[in-house]
Amino acid sequence: WTAAVRRAVGPVRRIQECLMGMRGGNGISSGSAIWLLGACYRMGASSTSSTDEEAKESTSSSPEAVADFLLDFSSRIWITYRQGFEAIGESKFTSDVGWGCMIRSGQMLFAQALVCHRLGRGWRRGEQPYAREYLEILHSFVDSPSPACPFSIHNFIRAGSPYGLAAGSWLGPYALCHAIEALARNDGRGREGEDHLAVYVVSGDAHGERGGAPVLYNVDVAGKCPVLILVPLVLGLDKINPRYLPSLRATFAFPQSVGIAGGKPAASVYFVGVQDDQALYLDPHEVQKVVSVSGESLEFDSASYHCSVVRKMLLDAIDPSLALGFYCRNREDLDDLCARASELASQSNGAPMFTVAE
């Protein structure tokens, strides 16, 4: 029965998503500016934003803004539940349906950092042939235990096992961030120098599980650039403390932002932007068949790794356990991030999400 329902729901959901897009707006309200991973899109000619002056070259104006935004959004790598892959380790799991959403959200965040690192924030998915760097990034996340796919769900679980990660289990933001850190450290493809992406986790006391504002010591990170900085946070008990919401919203305007892995309890998603009081996200809860690759070949259909359906969630409905991600290519990026984070902390009315210190 479960399989039958799943087969029926999939097509219905896809039809619903097509209709959402055809209704004009694709879930986007027409008046307010959208911040998408550091880029600002003005949806209305007269729309304003309190931080629009920071947009500079990354700002589009209506009516082109909707098309530009959708191209940007649909160019982000979308990673979802898969079925039919090789069993994970000694387990019998050949699908991650029902338990792998936090891993998938973390994979999407990590993939966005790799896109920024190797292709640049301005990269957009266009017509074939695709850039080899883009195909290599996708290939590295294909669900296989092969070392040629170092960031697959198989290798993700292997890297996260010291933090309690196992097939069939759900993990929190702290374990997620350290699993990504271990994956990057153990990537055996021989990347060196500027082509290597380091990962640095900022966490406070008790492995980030007791809340409080962790401290980013910039001197510790300065020598690691280019670097993906991950900040696992607990911003409340049952729901986010409202004092954190303005700061959470503001992070999407940071040019270093690669989004947030979070969502609702036991239902993680990948947040990429914000419009008014709504967070925009990519949803991993879509069951797709595993992508097959042969050997070192990079030739495969990449259509299932992109989504044009924009989903929204109220900021105050997000689960308080989440992980922020920031990509810094060089020391200049890091200094700018630290300056922005310090300014945000000074405006937080005594409730900073994290702080910066020398």
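Residues numbered from 1 in each chain as written. Predicted model: local features only at pLDDT ≥ 70, side-chain atom pairs only at ≥ 80, totals over all residues. Heavy atoms only, no water.

Named according to an unreviewed UniProt entry, the protein chain is Cysteine protease originating from Selaginella moellendorffii. You can read under Subcellular location (unreviewed entry) in the UniProt record for the protein chain the words "Cytoplasm". (UniProt positions renumbered as here; feature names shortened; annotations may be inferred.)

Asks: Help me understand the packing of aromatic side chains, please; the structure alone is not making it clear to me.
Replies: What characterises a pair of aromatic rings is the spacing of the ring centres plus the angle enclosed by the ring planes. Inspection of the entire model under this criterion finds eleven aromatic pairs. Aromatic rings pair up to connect Y41, F69 and F73 into one cluster. Note that R82 overlies the ring of Y305, its terminal NZ or CZ placed 4.7 Å from the centroid. (Phe/Tyr/Trp six-rings, centres within 6.5 Å; stacked < 30°, edge-to-face > 60°. Lys NZ or Arg CZ within 6 Å of the ring centre and 35° of its normal.)

Asks: Just to check I follow, could you spell out the side chain of S268 for this structure?
Replies: By the secondary structure assignment, S268 is in strand β9 (residues 267-275). The exposure class of S268 is buried, given its relative accessible area of 1%. Separated by 2.9 Å, the side chains of S268 and S105 make a polar contact. Polar side-chain contacts of S268 include one of 2.9 Å to the backbone oxygen of G262. In this structure, S268 is in contact with C101, M102, S105, G262, G263, P284 and H285, ignoring residues within four places of it in sequence. (Helix = DSSP H or I, 4+ residues; strand = E, 2+ residues; numbered from the N terminus. Buried < 20%, exposed > 50% of the residue type's maximum accessible area, 1.4 Å probe, protein only. Polar contact = N/O pair within 3.5 Å; in protein donor to acceptor, adjacent residues only side chain to side chain. Contact = heavy atoms within 4.5 Å.)

Asks: For this particular structure, what's the right way to read the nonpolar core?
Replies: Buried together is how nonpolar side chains tend to be arranged in soluble globular proteins. In this structure, F69, F110 and L228 are the most contacted members of the largest nonpolar core, which totals 68 residues. Among the elements that make up this core, the one with the highest residue count is helix α3 (residues 101-118) (ten residues). (Core = buried A, V, L, I, M, F, W, Y, C linked by side-chain atoms within 4.5 Å.)

Asks: Please clarify how the pairing of strand β13 (residues 321-328) should be interpreted in this entry.
Replies: Regular strands place side chains that alternate from one sheet face to the opposite one. β13 sits mainly inside the fold: seven of its eight residues count as buried. One ladder, built from eight bridges, connects strand β7 (residues 227-234) with β13; its direction is antiparallel. Note on β13: the bridge partner recorded for V234 is S321. (Pairing = 2+ DSSP bridges.)

Asks: Could you clarify how one ought to interpret the pattern of salt bridges in this entry?
Replies: Applying the stated criterion across every chain yields a total of nine salt bridges. Among the ionic pairs, D72 bridges to R121, the shortest N-O distance being 2.9 Å. With D72 in helix α2 (residues 64-75) and R121 in the loop between α3 and α4 (132-141), the pair connects residues that are 49 residues apart, well separated along the chain. On the accessibility criterion, D72 (0% relative accessible area) is buried. We note a salt bridge from R340 to D336, for which the minimum N-O separation is 2.8 Å. Note that R340 and D336 are positioned in helix α9 (residues 331-346) at a spacing of four residues, about one turn of the helix. When its relative accessible area of 30% is taken as the criterion, D336 is described as partly exposed. Here the residues in one salt-bridge network are D72, R76, R121 and R124, joined through shared partners. (Salt bridge = Lys/Arg side-chain N within 4 Å of Asp/Glu carboxyl O.)

Asks: Is there a simple way to explain the packing of α3 against helix α6 (residues 173-185) in this structure?
Replies: Relative placement of two packed helices is described by the angle separating their axes and the distance separating the axes. One can describe the packing of α3 onto α6 by two numbers: an axis separation of 10 Å at closest approach and a directional angle of 50°. Taken together, the axes of α3 and α6 are oblique relative to one another. Both α3 and α6 take part in a crossing whose hand is right-handed. Where α3 abuts α6, its residues M102, I103, G106 and F110 lie against P173, L176, I180 and A184. (Axes fitted to C-alpha atoms, helices over the stretch in contact; angles between N-to-C directions. Parallel < 35°, antiparallel > 145°, perpendicular 65-115°, else oblique. Left-handed = near helix turned anticlockwise from the far one by under 90°.)

Asks: Would you explain unusual backbone geometry in this entry?
Replies: Both trends apply: most residues other than glycine have a negative phi, and most peptide bonds are in trans. Here the amide bond leading from C225 into P226 is cis, since omega sits at 0°, within 30 degrees of zero. Assignment of secondary structure puts P226 in the loop between α7 (218-222) and β7. In this structure, L37 is a non-glycine residue whose phi angle is positive, near 45°. Along the chain, L37 turns up in the loop between β1 (33-36) and β2 (39-42). The phi angle at N349 is positive, at roughly 55°, despite the residue not being glycine. The residue N349 is located in the loop between α9 and β14 (355-357) in this model.

Asks: Would you explain α3 in this entry?
Replies: Along an α-helix, a turn takes 3.6 residues, which lines up residues three or four apart on a common side. For α3, with 18 residues, the first-to-last C-alpha span of 25 Å sits near the 26 Å given by 1.5 Å per residue. Within α3, 17 of the 18 residues are buried, leaving the element largely enclosed by the surrounding structure. Where α3 ends, the next residue or the one after it, G120, has phi of about 95°, a positive value. (Expected span 1.5 Å × (residues − 1).)

Asks: What should I look at first to understand the confidence of the model for the protein chain in this one?
Replies: Any segment with low pLDDT has predicted coordinates that should not be analysed in fine detail. With 80% of its residues at a pLDDT of 70 or more, the protein chain has an overall mean of 83. Note that residues 1-25 has pLDDT below 50 and, in this model, 14 contacts with residues that lie over four places away or in other chains. Per-residue pLDDT stays below 50 along residues 206-210; that stretch engages in seven contacts with residues further than four places along the chain or on separate chains. (pLDDT = per-residue confidence, 0-100.)

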